[in-house]
Structure formats: structure tokens, C-alpha cells
Amino acid sequence: MTDPKSTRLSPEILSEIFQYLNDDSHSLSVCVRVSKKWAEQAVPVLWNNPFQYLSEENMKSRIKTGSQILETYLLLLDEDSYATILESGILLPSGEHPYFEYATFFKHYNFHVLSEVTHSWLLNSETPLPDEDEDDDDDISQLGEQNLLNLLIIELSKLFMMSSLGFQSLNLFKEEETQGNIPALARFPGALDTLAPTKEFTVLRSSELFDSVEWDNVLDLLDLMTNTCIEIQVLKIYFEYEVDYNSEDDESDDDDDSKKGDENEDNFEDSRDIGVKAIQLIDSQTNLETLEVHNLKKKYRKLIEAAVARQGENLRFIIS
């Protein structure tokens, strides 16, 4: 039975209390069941970053919980996205539209985790996964596994971009085991408003992990964020090549760069793009507290250091 005194707390006070339980999914879930009033304040906290609650130790539990979260989001898709996914041959979950618009509360976009959870759900769903080498290219239902995964990621990302009241963090770091491609986030409806509040941003450039279209998507996103996200507090940038920043042998570095030769010319141009765009992004910030730069190319050292100097002495600068 609900304690009558608990109902006297204002929504603002309840919301502030529940913020302290942000890392405790069990307690928040209990709060959701107390009353409708409590649920309205606890649900936004529980669902602002639901993937953070996935187990790091129990893979079976991780897959089960991740699939449950994902299926909730899939039930929130609009009619066009739902129809597009169904036409691909993916068997979507059935059920009523959720009581809460959970995607509205989504604030932390981590591509690697989203890809992992979506891939696990796809593999464990009843969707028949065709051979990648099948020749029937005219039938959308014959899309390969990777294309099906990319389609799900695109439609889910659209949902987050259109529904979220604003991201707090955006992480585009990919690992070797990451499946799927980073979608064109900057081109989705709602991107401007959703990305503007971002406080933490992580971006990686890797020719081994990104294809050309995917990297174009990242560059477009960097442009948009430079023009709209001016209050990033933590910025992490990973460059293409590993370079010893503390090395004083500049001549040796020059030799190493020249040895890469024409075979890496395209990658070199892409790295130059992220270097320029990274500096522009740094300069656009008004409240940057921490800047991490990894694998910094020698040619950008002075430019990056100058950008850091323009941010002021309170900036925490980490380089590796």
C-alpha cells in the first residue's frame, strides 16, 4: 500500500531524488511500481541510458536484458519505419504501443553498444538470415545479415534522433568486433535539436573499421556538431595513425610518414579532414573541461596545442 505521505512530494523533488538512483536499476524499477506519480518521474531516469544496466559478466543475462530493451524501442517505431523493417523480412515483436514514450528519455547514444544489442537480438530472433552470397538482389527480403543489421540501426537511430529531448553523450567509437555501420545521424530529422545539448563526445577515425560512406557520415556529423554543440564538456578524439607525441625525432617522424607512400594517400587525406574538423570543433566550444587526443599526427601538434591554449588554462588536456 502506498504511503500517503510519499504522494505529497512534488514531481520536481521526486525527480531529483531518483537522479541519485541513476546507477541502480533495481531500485528505480521498484520506484516505478509504487504509483503512477512515482513512475512518471522514475521512468525518465531509468530509461535515459538503459543499456548501462547490461551485465558485463553474465552474457546470457546481457543478451536477454538487451533484447527486452530493444523490443520496447521497436514497438515505438512509426508506421513508415515499421513497414520498412517488415518488408526486409525481419520479424518484429508484436504487442501494444508502450505506455511511456521511452525513446523521449534516451540521452546516451553509444554506437558500439547499440550495434551489439541489435546484432544479438537479430541473431536470436525468428528472422531467417539469408546467405550473404545469395544472388536475388531484387528481393529486399533477401538482404544479407549485415544489411539487415544496418537497417535496424538506421531506423532505431532515427527514432532516437526524432524522439529524444536531447543527447547528453554521443560515442562513435568502434571496436574490431563492432558489427554494422554508423548511420547518417546528421541527416536525420531532429538531429539539430537532439545533438545540441551534448556534453560528451567520442569519435574515432579508422580506415580499417570505417568504409568511405560511413566516414562521410562521421564528417557530416562533425560539421553539424561544430555549428550546434557549443557546450561539450568532454571531447575524445582518436586519430588514424599511432604517433609518439613525446618523440623529439621529427626527422624520423617525417621519414615514417613518407614511407607510407601513395598506397595510404586516401587515408592520409581523411586524417587531414578529421584534424581540421577536430580543431574547428574544439574552437567552437565554450565550456570544454577535458580534451583527450589519441594517436595525434605530428602535423597537427602545433594546431591542436594552439586550440588548447585558446580554451584557457582550466582545460584538462590528455594526449597519448
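About the thresholds
- Residues numbered from 1 in each chain as written.
- Predicted model: local features only at pLDDT ≥ 70, side-chain atom pairs only at ≥ 80, totals over all residues.
- Heavy atoms only, no water.
- Helix = DSSP H or I, 4+ residues; strand = E, 2+ residues; numbered from the N terminus.
- Pairing = 2+ DSSP bridges.
- Axes fitted to C-alpha atoms, helices over the stretch in contact; angles between N-to-C directions.
- Buried < 20%, exposed > 50% of the residue type's maximum accessible area, 1.4 Å probe, protein only.
- Parallel < 35°, antiparallel > 145°, perpendicular 65-115°, else oblique.
- Left-handed = near helix turned anticlockwise from the far one by under 90°.
- Contact = heavy atoms within 4.5 Å.
- Nonpolar A, V, L, I, M, F, W, Y, C, P; charged D, E, K, R; others polar.
- Phe/Tyr/Trp six-rings, centres within 6.5 Å; stacked < 30°, edge-to-face > 60°.

Observations concerning unusual backbone geometry
Part 1 of the reasoning: Of note in the backbone geometry, N295 takes a positive phi value of approximately 60 degrees without being a glycine.
Part 2 of the reasoning: Structurally, N295 is set in the loop between β5 (290-294) and α12 (301-311).

Concerning the sheet that holds strand β4 (residues 234-238)
Part 1 of the reasoning: Across the sheet, which stays open at both edges, the six strands sit in the order β1-β2-β3-β4-β5-β6 with parallel pairing between neighbours. Edge positions in the sheet fall to β1 (108-110) and β6 (316-319), since each of these pairs with one other strand and no more. Across this sheet, the average inter-strand angle for adjacent strands is 5 degrees, counted without regard to direction.
Part 2 of the reasoning: Across three bridges, the pairing between β1 and strand β2 (residues 169-171) is parallel. By the bridge assignment for β2, H108 is matched with S169.

What about the pairing of β4?
Part 1 of the reasoning: Most of β4 sits inside the fold, with four of its five residues counted as buried.
Part 2 of the reasoning: Pairing between strand β3 (residues 200-204) and β4: five bridges, direction parallel. Bridge assignment links V203 to a residue of β4, and that residue is I237.
Part 3 of the reasoning: Alignment of β4 against β5, held across five bridges, turns out to be parallel. Counterpart to L235 in the pairing with β5 is L291.

Some thoughts on the packing of helix α6 (residues 111-124) against helix α7 (residues 145-163)
Part 1 of the reasoning: The interhelical angle for the contact between α6 and α7, taken along N-to-C directions, is 125 degrees, at an axis separation of 10 Å. Classified by the angle their axes make, α6 and α7 are oblique. Judged by the sense of rotation from one axis to the other, the crossing of α6 with α7 is right-handed. Together, F111, L114, S115, T118, H119, W121, L122 and L123 of α6 and E145, L148, L149, L152, I153, L156, S157 and F160 of α7 make up the contact between the two elements.
Part 2 of the reasoning: Partitioned by chemical class, the residues of the contact of α6 with α7 number 11 nonpolar, four polar and one charged.

Describing the packing of aromatic side chains
Part 1 of the reasoning: Enumeration according to the criterion identifies 13 aromatic pairs in this entry.
Part 2 of the reasoning: In textbook terms, an aromatic cluster arises when at least three aromatic residues are bridged by ring pairs, as seen for W47, F51, Y73, Y99, F100, Y102, F106, Y109, F160 and F167.

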